[in-house]
Amino acid sequence: MALSSAEQMRRWQGPALLSGGFRPFFFFGAVWAALAMALWVPALTGLIELPTRLDPVSWHAHAFLFGYLGAAIAGFLLTAVPNWTGRLPVVGWPLLGLVTLWGLGRLGLLASAHLPFALVASFDLAFPLALGGVVLREIVAGENWRNLPVLGLLSVFTLADLLFLIEAARGGYAADGLGMRLGLAAVLMMVALIGGRIIPSFTRNWLVKENHPARPAPPMQRFDKIAMVAAGAALLAWVTLPEAQLTAALLLATGLLHLVRLWRWKGGLTLRAPILFVLHLAYVCLPLGALALGVAILFPAALTPATALHLWTAGALGGMTLAVMSRASLGHTGRPLEASPGTVAVYAALFVAMVARLLAGWLGLSALYSVSGAAWCAAFLGFAILYAPVLWQPRRRAQ
């Protein structure tokens with residue numbers, strides 16, 4: 001007799017941390033996000049020297065994009081794919097193997113000055129390749145062809161990691177290279193695709209529960225598909241022609257389309273539900289980032305592209321992952337989908353970090369870099385502390 005995902009998790013007799021993919025990857029991903037920032041800020045100011053072959057900015061970029069986001073993506077996919085396919089989740093020792101591969105990649109890059117770079121690259125790439133293999137197996141076995149685009153984006157993300165490492169091995173400034181742009185574009189498309197499914201669905205469910213007559217536009221209507229095509233074109237142009245005026249025009253158009261897309265989801269009605277409203281708040285950073293980057297390409301003296309990008313990295317990606325991590329952690333452990341005051345503080349710290357980083361780059365206020373770093377650490381360390389009991393303890397039984 002086939003077992004449900006929940007039954008498979010319950011039958012695991014080992015540590016609760018290994019009873020679901022979201023548990024270890026969300027916890028250790030958050031710890032890594034805080035630790036990497038805590039190391040990078042003093043490294044950037046020259047107070048410490050990291051034992052990595054990468055320059056400090058490139059290590060910071062890789063630690064966030066392929067380190068933290070790699071963990072967040074894994075935690076999400078290893079939890080969502082069983083729901084999509086109806087197949088059993090990865091739990092127990094196979095899950096520990098994936099976590100170990102991810103951890104080896106982080107330690108290898110951090111200590112890469114003392115290791116053969118080919119070995120470091122092998123450590124780093126083993127994890128996304130293994131994750132992709134698991135997702136492919138489940139999608140094919142479950143004949144869940146609808147979610148092949150997610151696997152495609154994960155494959156692009158893995159290719160981007162390889163390109164980043166090649167650029168770094170050649171002594172290039174990988175933080176501003178093709179691999180970085182391609183990896184960021186892949187994850188932003190994941191946010192646009194998956195966010196476009198879950199945000200209006202969650203919003204509709206909440207409005208129905210609240211007996212509110214308004215309803216968001218259903219997911220993936222014709223307008224959404226137009227907005228997705230526009231985003232894909234704009235990001236492809238940015239990856240290949242990052243300084244072209246055509247790229248700026250496509251980014252500006254994409255920003256406007258996705259602002260309309262978000263408006264159709266009725267996010268303003270969810271202010272009383274922070275765990276839902278934060279999804280809308282994080283998503284708005286995607287079109288705002290496109291608009292800011294378009295302006296930065298056209299008027300670099302007014303706004304640098306590096307500053308504009310933090311609307312995407314800290315806002316859209318940092319915000320969306322924290323929002324999904326908190327919601328999924330509560331929902332999949334049998335807890336109410338409500339943001340505690342501590343969780344709201346975590347959300348607030350993340351957006352304080354984003355705003356401080358934007359102001360630091362825009363106004364040239366160097367002290368705000370430290371403020372941004374401290375707020376970022378507070379957000380992710382706060383998540384790890386608040387959610388450790390949720391992620392490390394068994395699922396609550398239904399009353």
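Position numbers for residues count from 1 along each chain, tracking the sequence in the order it is written. Since the coordinates come from a predicted model, pLDDT governs what is reported: local features require at least 70, and pairs of side-chain atoms require 80 or more to be given and counted, while whole-chain, interface and lining totals use all residues. The basis for the side-chain values is all heavy atoms of the structure; hydrogens and waters are excluded.

**A look at the overall build of the protein**
Applicable threshold: Runs of E in the DSSP output that reach at least two residues are strands. Runs of H or I that reach at least four are helices, and both are numbered from the N terminus. Radius of gyration here uses only the C-alpha atoms, and the compact-globule reference equals 2.2 Å multiplied by the residue count raised to the power 0.38. Accessible area is worked out with a 1.4 Å probe on protein chains only. A residue is then buried under 20% of its type maximum, exposed over 50%, and partly exposed in between. The criterion used for residue contact is that any of the two residues' heavy atoms lie within 4.5 Å. Computed with the Shrake-Rupley method and a 1.4 Å probe, the accessible areas treat only the protein chains shown as cover for residues. The charged-residue count follows a simple rule in which Lys and Arg add positive charge and Asp and Glu add negative charge, with His and chain termini not counted at all. Lys charges are placed at NZ, Arg charges at CZ, Asp charges at CG and Glu charges at CD.
Each helix and strand counted, the protein has 13 helices and zero strands in total. Relative to the globule expectation of 21 Å for 399 residues, the C-alpha radius of gyration of the protein, 20 Å, shows essentially globular dimensions. By its C-alpha atoms, the protein is 60 × 55 × 40 Å across when sized along the principal axes. Among the 399 residues that make up the protein, the fraction classed as buried is 55%. For the protein, long-range pairs separated by at least 24 residues make up 75% of all intrachain contacts whose partners lie at least 6 apart in sequence. Working note: accessible area of the protein is about 17,100 Å², and carbon and sulfur atoms make up 68% of it. Across the protein, the centroid of the 26 positively charged side chains sits 13 Å from that of the 13 negatively charged ones.

**Concerning the nonpolar core**
Nonpolar side chains tend toward joint burial in soluble globular proteins. We count it as follows: We define the nonpolar core as a collection of buried residues of types Ala, Val, Leu, Ile, Met, Phe, Trp, Tyr and Cys that are connected through side-chain atoms lying within 4.5 Å of one another.
Formed by 133 residues in total, the largest nonpolar core has its most connected members in Phe25, Trp312 and Phe380. Broken down by element, this core gets its largest block of residues, 17 residues, from helix H7 (residues 178-209). The contact partners of Phe380, leaving out residues within four places of it in the chain, are Ala30, Ala33, Ala34, Tyr68, Gly318, Leu322 and Leu350.

**So, the packing of helix H11 (residues 305-331) against helix H13 (residues 367-392)**
Definition in use: Here an angle of 0 to 180 degrees is reported between the N-to-C directions of two axes, which are lines fitted to C-alpha atoms, with helices fitted over the stretch in contact. Orientation is classified from the angle alone, with under 35 degrees giving roughly parallel, over 145 giving roughly antiparallel, 65 to 115 giving roughly perpendicular, and any other angle giving oblique. Crossings are classed by handedness, with left-handed meaning an anticlockwise turn of the near helix from the far one by less than a right angle and right-handed meaning a clockwise turn. Throughout, the ten residues Ala, Val, Leu, Ile, Met, Phe, Trp, Tyr, Cys and Pro are labelled nonpolar, Asp, Glu, Lys and Arg are labelled charged, and all others, Gly among them, are labelled polar.
At a closest axis distance of 10 Å, the pairing of H11 and H13 adopts a crossing angle of 15°. Judged by the angle between their axes, H11 and H13 are roughly parallel. The crossing of H11 and H13 is left-handed. Between H11 and H13, the contacting residues are Ala314, Gly318, Leu322, Met325, Ser326, Ser329 and Leu330 on the first element and Trp376, Ala379, Phe380, Phe383, Tyr387, Val390 and Leu391 on the second. Here the contact of H11 with H13 is built from residues that sort into 11 nonpolar, three polar and no charged.

**Re the layout of surface pockets**
Unfilled space is identified by rolling a water-sized probe across the atoms. Under the convention used in this document: Cavities and pockets are defined on a 1 Å grid built over the protein atoms alone: a cavity is a set of grid points where a 1.4 Å probe fits but cannot escape, while a pocket is an open set with protein on both sides within 12 Å along at least five of seven lines, and lining residues are those with an atom within 4 Å of any such point. Grid points are joined across faces, edges and corners, and a volume is the space filled by probe spheres set on the points.
Considered as a void within the structure, the largest pocket measures approximately 950 Å³ in volume. Residue lining of the largest pocket: 38 residues in total, with Ala175, Ala306, Leu309, His310 and Arg357 positioned closest to the centre. When contributions to the lining of the largest pocket are tallied by element, the ones reaching two or more residues are helix H2 (22-44), helix H3 (56-85), H7, helix H10 (274-298), H11, helix H12 (341-363) and H13. Per-class residue counts for the lining of the largest pocket are 29 nonpolar, five polar and four charged.

**Considering the state of the cysteines**
Disulfide: a covalent bond formed between the sulfur atoms of two cysteine residues. Threshold: When the sulfur atoms of two cysteines come within 2.5 Å, that pair is taken as a disulfide.
Considering all chains together, one arrives at zero disulfides under this definition. Cys285 takes part in no disulfide bond, and the closest cysteine sulfur to it belongs to Cys377, at a distance of 19 Å. Given a relative accessible area of 3%, Cys285 falls into the buried group.

**Some thoughts on helix H8 (residues 222-240)**
As a reminder, the rule being used: In a helix, the anticipated span is given by 1.5 Å times the number of residues less one.
With 19 residues, H8 ought to run about 27 Å at 1.5 Å a step, and its terminal C-alpha atoms sit 27 Å apart, in line with that. On the buried face of H8, the contacting elements are H7, helix H9 (245-263), H10 and H11.

**Some thoughts on empty space enclosed by the protein**
The final tally for this structure, using the stated rule, is five cavities of 30 Å³ or more. By volume, the largest cavity amounts to about 280 Å³. Along its surface, the largest cavity is lined by 18 residues, and Phe76, Val191, Ile194, Met320 and Thr321 are the ones closest to its centre. Mapped onto the lining of the largest cavity, the elements with two or more residues apiece are H3, H7 and H11. For the lining of the largest cavity, the class distribution of residues is 16 nonpolar, two polar and no charged. Counted as a void, the second largest cavity has a volume near 70 Å³. Surrounding the second largest cavity, Leu188, Met189, Ala192, Ala231, Ala234, Leu235, Leu251, Thr254, Leu286, Ala290 and Trp312 form its lining. Only H7, H8, H9 and H10 provide two or more residues apiece to the lining of the second largest cavity. Here the residues of the lining of the second largest cavity sort into 10 nonpolar, one polar and no charged.

**Description of the confidence of the model for the protein**
Applicable threshold: Per-residue confidence from the predictor is given as pLDDT, running between 0 and 100.
Confidence in the prediction for the protein averages 93 pLDDT; 96% of positions are at 70 or higher. Low pLDDT, under 50, characterises residues 1-6; the stretch is placed with seven contacts to residues that sit more than four places away or in other chains.

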